[in-house]
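# Structural overview for review
Read off the chains here:
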Amino acid sequence: MYRSDSCPISPAGESRQYRSDGSPSRDDPGGGPVLDVLGISEFDERVYRAYLTKPDRTALEIAEHLGTTPSQIRHAVARLMELGVLRRETHGQYRPVSPRTALSALLAKRRADSEAAFTAVLDAVDDLASEYRASRLQGDPTELVEVITGEAAVTLRVAELTQSMRTHFWVLDMPPYIGPYSNELEETFTKELLGRGLDIRSVYTPEALEQPGRFELITRLAQLGEQARILPALPFRLRIMDRRVALVALIGGQYDKIIVVHQSGLLDAILELFDTYWQRAQPIVSTAPETPDQPSKDDLLLLKMLQTGYKDQAIARQLGTSARTVTRRIAAMASRLGLETRFQLGTEAAKRGWI
C-alpha cells in the first residue's frame, strides 16, 4: 500500500539535482528517474521537465536542447500525451499540464491499480490456502475444526481472525462476552469495518442489547451501514468471517470454549443456519421513508424497543430514565394518536412505517 507522503529520495536522503534541461546533474550522487513509479521513463521525464522549464519551445528545439533526435522527442511527447501530462496546443507545439493535476491523477490510478492487484493476490492466497487445507483434510480430518479453550486463548484467536477480515462479518449476538466492553469500543470497531467496506450482518437478542445505550448505538450503526436485526432468542453465539471461517461457542452461557470451523461441509451448514435465523429476524431500523408526522428520534427509539418486547424497566435502562417516565411517554404517544393500548400504538406505528 502506498503512503500518501512517500516520495523517492537518494540513498543519502538528499533531493536530486537537475539541470535546466531536466537531466540529472553530474554532481548529484543519486541521479536517476523520479517519476518511473508513475510509468514515466527517465528520458520522458527529462522531456517533461524541459517543457515545464520553457513551455514555448517546439519539439525540434527540445530535441536540440537535450541533444537527441526529433523522432525520439515525438515518441516521448506521444507517450506523455497518452499519460495526460502534456497537451497539444498547435501543430508541433505542446504545453505541460499542471504537475499537481496530472501527476496526482497518475498517482491515484497507480495506487488503485496496485491495491486491486494486492486484492487479487490476497484472493489467490486464500484460494491456495483453501486447496492446501482441503488436501490436508483428506489425510487428517481433525484439521477441519480448531478447539480453543481458556479466556486468554479465545481472546487471542478471535483477535487474530478479526484482524484478517476483508469481506464479511456475520454475527449471532448474545451474552456472555469476554474482555472489556463499552459502547465506544463497539462503535469504533464497527465504523472501522464499515469503512473497509465489510458486509456486516448482526442478529441480536434482547439480552444482548441490555447494556445502557447499546440499543440506541445499534440503531445509529444500522443507519451507517450495519444490517441489524433482532430475535427473542438464539441457540448460541456465532461469528462468521469472510464466509471462510466460523467461531461457535461450545457451551451455552460461556464463551471461554469455542470451535473454529474452516471451509467444509460443516461450515456450509453453519452458513445455512445463519441465513435461517437472519430471515426470521426483524430489522431493528425501519427501511420505510420518513413521513412528515413521524415522532421524534427518542420516541422512535422507544417505539422500536417496545415493538421488540422490552418492558418499561428495560427501556428505562437503555434511555437512562425511570420506568415511570417511560410509561408516561408511551401513554402520551397513544393519546396523541387517539389510541388506548400499547398494542394499538405498536400496530399504528408499524402501519405508518415508523418502525
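What comes next is a walk through the structure. (Residues numbered from 1 in each chain as written. Predicted model: local features only at pLDDT ≥ 70, side-chain atom pairs only at ≥ 80, totals over all residues. Heavy atoms only, no water.)

### Side note on the pairing of strand β4 (residues 168-173)
Worth spelling out the cut-off: The cut-offs for exposure are 20% and 50% of the maximum accessible area for each residue type, with area from a 1.4 Å probe on protein chains only; residues under the lower value are buried, those over the upper are exposed, and the others partly exposed. Secondary structure is summarised from DSSP: a helix means a run of H or I of at least four residues, a strand means a run of E of at least two, and numbering begins at the N terminus for each. By this definition, two strands are paired if DSSP reports at least two bridges between them.
Here β4 lies mainly inside the structure; six of its six residues are buried. Burial along β4 is two-sided: the face carrying His168, Trp170 and Leu172 and the face carrying Phe169, Val171 and Asp173 are both buried. Where β4 lies against strand β5 (residues 199-204), six bridges are found, and the strand directions are parallel. Pairing of Leu172 across the sheet is with Val203, part of β5. Relative to strand β7 (residues 238-241), β4 runs antiparallel, the two sharing four bridges.

### Here we look at the sheet that holds β4
Spatial ordering of the open sheet is given by β3-β9-β8-β7-β4-β5-β6-β10, a layout of eight strands whose pairing is mixed. Both outer strands of the open sheet, β3 (145-149) and β10 (282-283), are each paired with one neighbouring strand and no more. Bridge count between β5 and strand β6 (residues 227-230): four bridges; the pairing is parallel. The residue of β6 that forms the bridge with Arg201 is Gln227.

### A look at helix α8 (residues 265-280)
Where we set the bar: An expected span of 1.5 Å times one less than the residue number is assigned to each helix. For this quantity, the arc is that covered by the directions from the helix axis to the C-beta atoms. Residue contacts follow a heavy-atom distance rule, with two residues in contact if any of their heavy atoms lie within 4.5 Å.
Look at α8: 23 Å from first C-alpha to last across 16 residues, which is about the 22 Å you get at 1.5 Å a residue. Looking only at α8, the buried set comprises Leu267, Ile270, Leu271, Phe274, Tyr277 and Trp278. Seen along its axis, α8 keeps its buried residues to an arc of 125°; they face one direction. Every exposed residue of α8 that faces more than 90 degrees away from the buried side is listed here: Gly265, Glu272, Gln279 and Arg280. The inward-facing, buried residues of α8 contact β4, β5, β6, β7, β8 (245-249) and β9 (257-262).

### Concerning the pattern of salt bridges
In plain terms, the rule: Whenever a carboxyl oxygen of Asp or Glu lies within 4 Å of a side-chain nitrogen of Lys or Arg, that contact is scored as a salt bridge.
Summed over the entire model, instances satisfying the criterion amount to eleven salt bridges. Put simply, Arg196 and Glu192 hold a salt bridge, and the shortest N to O gap is 2.9 Å. Relative accessible area serves as the criterion here: at 36%, Arg196 is assigned to the partly exposed category. The salt bridge partner of Arg201 is Asp199, with a shortest N-O separation of 3.3 Å. Three or more residues are tied together by salt bridges with common partners; here these are Glu187, Lys191, Glu216 and Arg220.

### Considerations on the packing of helix α7 (residues 214-224) against helix α9 (residues 297-307)
Convention followed: Only the stretch in contact is used when a helix axis is fitted, and all axes are lines through C-alpha atoms; the angle between N-to-C directions ranges over 0 to 180 degrees. For classification purposes, angles smaller than 35 degrees are called roughly parallel, those larger than 145 roughly antiparallel, those between 65 and 115 roughly perpendicular, and all remaining angles oblique. Residues are grouped as follows: Ala, Val, Leu, Ile, Met, Phe, Trp, Tyr, Cys and Pro are nonpolar; Asp, Glu, Lys and Arg are charged; all remaining types, including Gly, are polar.
Viewed as axis vectors pointing N to C, α7 and α9 meet at an angle of 105°, and their least axial separation amounts to 11 Å. What the angle tells us is that α7 and α9 run roughly perpendicular. Contacts between α7 and α9 involve Phe215, Glu216, Thr219 and Arg220 on the former and, on the latter, Lys297, Leu301, Lys304 and Met305. Broken down by class, the residue content of the contact of α7 with α9 amounts to three nonpolar, one polar and four charged.

### Description of the packing of aromatic side chains
Two descriptors summarise a pair of aromatic rings, namely the distance from one centre to the other and the angle between the planes of the rings. Selection criterion: Ring pairs shown here join Phe, Tyr and Trp side chains whose ring centres sit within 6.5 Å, with only the six-membered ring taken for Trp; geometry is labelled stacked below 30 degrees between planes, edge-to-face above 60, and tilted in between.
On inspection of all chains with the given rule, the structure shows three aromatic pairs. Between Trp170 and Phe274, the ring centres sit 5.2 Å apart and the planes meet at 15°, which makes this aromatic pair stacked. Of the two residues, Trp170 sits in strand β4 while Phe274 sits in helix α8, which places them 104 residues apart along the sequence. Taking 6.1 Å as the distance between ring centres and 15° as the angle between the ring planes, the aromatic pair formed by Phe274 and Trp278 counts as stacked. Residue Phe274 and its partner Trp278 are located together in helix α8, separated by four residues, close to a single helical turn. Trp278 carries the same exposure label as Phe274, and that label is buried. Connected via pairs of aromatic rings, a cluster forms that spans Trp170, Phe274 and Trp278.

### Quick word on the side chain of Arg239
Where we set the bar: Neither His nor the chain ends is counted toward charge; the positive residues are Lys and Arg and the negative residues Asp and Glu.
Relative to the elements of secondary structure, Arg239 occurs in strand β7. Here Arg239 occupies a buried position and makes no salt bridge, while the nearest side chain of opposite charge, Asp173, is found at 6.4 Å.

### A short note on unusual backbone geometry
Here Asp242, not a glycine, exhibits a phi torsion of approximately 60°, which is positive. Tracing the sequence through the fold places Asp242 in the loop between β7 and β8. Under the relative-accessibility criterion, Asp242 is labelled buried at 14%. Unusually for a residue other than glycine, Arg243 sits at a positive phi of about 55°. Here Arg243 lies in the loop between β7 and β8. A relative accessible area of 37% means that Arg243 is categorised as partly exposed.

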